[in-house]
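# Observations on chain architecture
The residues making up each chain are set out below.
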Amino acid sequence: QVHLVESGGGLVQAGGSQRLSCAASGGTLSGATMGWFRQAPGKEREFVASVPSWGTSVYYADSVKGRFTISRDNAKRIVYLQMNSLKAEDTAVYYCATASARPWGTTQSADFDSWGQGTQVTVSS
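Described below are features of the structure shown in this document. Just so we're clear, the structure is a prediction, and the values are computed from it rather than from any experiment.

### Points about the state of the cysteines
By the definition in use, this model includes one disulfide. The disulfide partner of Cys-22 is Cys-96, and the gap between their sulfur atoms is 2.1 Å. Disulfide Cys-22-Cys-96: torsion about the S-S bond near -80 degrees, hence left-handed. Placement of Cys-22 in strand β3 (residues 18-25) and of Cys-96 in strand β9 (residues 92-99) is noted, with a sequence separation of 74 residues between them. Looking at Cys-96, the relative accessible area reads 0%, which means it is buried.

Structure (C-alpha cells):
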C-alpha cells in the first residue's frame, strides 16, 4: 500500500494562492489515479481533483474549475494541487489519495484505496 504525506497547508488570505504537495512512498503509482479531496467542518468529504496514470482525463469539481490545477511528477512520486483565487469556502482539510485500480481516472471516493493524513487550508476573508 502507498503511504501518502501532504504538505503546504496553512493560512492564506482570500484571493491568494497556495500549493499543496503530496509525497508518496512505498507501493507503486504505476496505473494509479491520484486525487485530492477536502472536508470542511460539519460537511462530508468531497472530491476536488484527480489526475490519471494513463490518458489525459483530469477531473475537477465544479467549485474549483478554473482556479485549481492538479499535476503529478511520477519521477518524484509527488502530486500537486495549485490553488489560486482562494475563497473562504475553500477552507477545509485537504486529503491526497490514490486509486490503484483506476488508471484512466476517477472521481469516486470509493475507488481511492490509500489516503494521507490531511493538511489544513484556512482562507481568511
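### What about the nonpolar core?
Formed by 31 residues in total, the largest nonpolar core has its most connected members in Trp-36, Val-48, Phe-68, Val-79, Leu-81, Met-83 and Tyr-94. At the level of secondary structure, the elements contributing two or more residues to this core comprise β3, β4 (33-39), β5 (46-51), β7 (68-73), β8 (78-83), β9 and β11 (119-124). Of the residues forming this core, the biggest block, five residues, is contributed by β9. Sequence-distant contacts of Tyr-94, defined by excluding residues within four places in its chain, comprise Glu-6, Leu-20, Trp-36, Phe-37, Arg-38, Val-48, Phe-68, Leu-81, Met-83, Gly-118, Thr-119 and Val-121.

### Overview of the environment of Thr-119
Looking at the element boundaries, Thr-119 is found in strand β11. Thr-119 sits in the buried class, given a relative accessible area of 11%. In this view, Thr-119 contacts Glu-6, Ser-7, Gly-8, Gly-9, Leu-20, Ala-92, Val-93 and Tyr-94; residues no more than four positions away in its chain are not counted. In this structure the side chain of Thr-119 is engaged in a polar contact, spanning 3.3 Å, whose partner is the backbone nitrogen of Gly-9.

Calculation criteria
- Residue numbers here run from 1 along each chain, matching the order of that chain's written sequence.
- Whole-chain, interface and lining totals are the exception, using all residues; otherwise, since this is a predicted model, local features are given only for residues with pLDDT of at least 70 and side-chain atom pairs are given and counted only at 80 or more.
- For side-chain calculations, the full set of non-hydrogen atoms in the structure is used, while hydrogens and water are omitted.
- Cysteine sulfur atoms are paired as a disulfide whenever they come within 2.5 Å of each other.
- Strands are runs of DSSP state E lasting at least two residues, helices are runs of H or I lasting at least four, and both sets are numbered from the N terminus onward.
- With a 1.4 Å probe rolled over the protein chains alone, any residue whose accessible area is under 20% of its type maximum counts as buried; one over 50% counts as exposed, and the rest are partly exposed.
- As used here, the term nonpolar core means buried Ala, Val, Leu, Ile, Met, Phe, Trp, Tyr and Cys residues forming a set that is joined through side-chain atoms within 4.5 Å.
- The contact criterion used throughout is that any non-hydrogen atoms of two residues lie within 4.5 Å.
- Polar contact is the term for a pair of N or O atoms within 3.5 Å; when the atoms are in protein, one must be able to donate a hydrogen and the other to accept it, and sequence-neighboring residues count only if both atoms are side-chain atoms.

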